[in-house]
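# Chain and residue survey
Residue-level listing of the chains:
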Amino acid sequence: MANSKYESLYIINANLDEEAIAATVEKFKALVEANGVLTGIDEWGKRRLAYEINHMNEGYYVLMTFEAPHDFPAELDRVYNITDSVVRGIIVNRDEK
């Protein structure tokens, strides 16, 4: 079965120090590379949130594009949810149908 193209945007707690943010980005980069092909990563940096989440007004935004088997996004979402430093994450299938 062929891999599908995905795009994922996740927000890291901006109150963390630079090393912790870099470690979180590296963690997800390695996870994607172990299960698929990372085609791009774009760190947008600290930005104001549209609305307050867990008493935070800012987040560190990271956009990843990758190709992976159809069952991998569920695993990536599970890891987003159990990682304390991740405030929010979304995964979108980018395949044209």
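First, a word on scope: everything that follows refers to the structure included in this document. (Residues numbered from 1 in each chain as written. Predicted model: local features only at pLDDT ≥ 70, side-chain atom pairs only at ≥ 80, totals over all residues. Heavy atoms only, no water.)

In terms of regular secondary structure, the protein is built from two helices and four strands. In sequence order, the secondary structure elements of the protein are arranged as β-α-β-β-α-β. Relative to the globule expectation of 13 Å for 97 residues, the C-alpha radius of gyration of the protein, 13 Å, shows essentially globular dimensions. Once the C-alpha set of the protein is aligned to its principal axes, its extents read approximately 45 × 25 × 20 Å. When the 97 residues of the protein are sorted by exposure, 36% land in the buried category. A total of about 6,100 Å² of accessible surface is found on the protein, and carbon and sulfur atoms cover 46% of it. On the protein, the mean spot of the 10 positive side-chain charges and the mean spot of the 17 negative ones are 4 Å from each other. (Helix = DSSP H or I, 4+ residues; strand = E, 2+ residues; numbered from the N terminus. Rg over C-alpha atoms; globule rule 2.2 N^0.38 Å. Buried < 20%, exposed > 50% of the residue type's maximum accessible area, 1.4 Å probe, protein only. Areas by Shrake-Rupley, 256 points an atom, 1.4 Å probe, with all protein chains shown as cover. Lys, Arg positive; Asp, Glu negative; His and termini not counted. Charge placed at Lys NZ, Arg CZ, Asp CG, Glu CD.)

The next subject is the pattern of salt bridges. By the definition in use, this model includes one salt bridge. Here arginine 78 and glutamate 75 are joined by a salt bridge, their closest N and O atoms 2.9 Å apart. Taken together, the residues arginine 78 and glutamate 75, both in helix α2 (residues 72–82) and three residues apart, mark about one turn of the helix. On the accessibility criterion, arginine 78 (42% relative accessible area) is partly exposed. The class of glutamate 75 is partly exposed, set by a relative accessible area of 31%. (Salt bridge = Lys/Arg side-chain N within 4 Å of Asp/Glu carboxyl O.)

Turning our attention to the packing of aromatic side chains. All chains considered together, the criterion is met by six aromatic pairs. When the ring of tyrosine 10 is compared with that of tyrosine 80, the centres are 5.3 Å apart and the planes differ by 35°; the resulting orientation is tilted. Pair noted here: tyrosine 10 is in strand β1 (residues 4–13) and tyrosine 80 is in helix α2, with a separation of 70 residues, a long-range link. For the pair tyrosine 10 and tyrosine 80, one class covers both residues: buried. Seen from their ring centres, phenylalanine 66 and phenylalanine 72 are 5.9 Å apart, and the 85° between their planes marks the pair as edge-to-face. Just as phenylalanine 66 is buried, phenylalanine 72 falls in that class too. Every member of this aromatic cluster is reached through a ring pair, and the members are Tyr6, Phe66 and Phe72. (Phe/Tyr/Trp six-rings, centres within 6.5 Å; stacked < 30°, edge-to-face > 60°.)

Moving on to helix α1 (residues 18–35). Helical geometry: 3.6 residues make up each α-helical turn, so side chains three or four residues apart lie on a common side. In this model, α1 (18 residues) spans 26 Å end to end at C-alpha, consistent with the 26 Å of a helix rising 1.5 Å per residue. Every buried residue belonging to α1 is among Ile21, Thr24, Val25, Phe28, Leu31 and Val32, and all of these are buried. Taken down its axis, α1 places every buried residue within 125° of arc, on the same side. Away from its buried face by more than 90 degrees, α1 exposes Glu18, Glu19 and Ala34. Looking at the packing, one finds that the buried side of α1 touches β1, β2 (37–53), β3 (56–68), α2 and β4 (86–93). (Expected span 1.5 Å × (residues − 1). Arc of directions from axis to C-beta. Contact = heavy atoms within 4.5 Å.)

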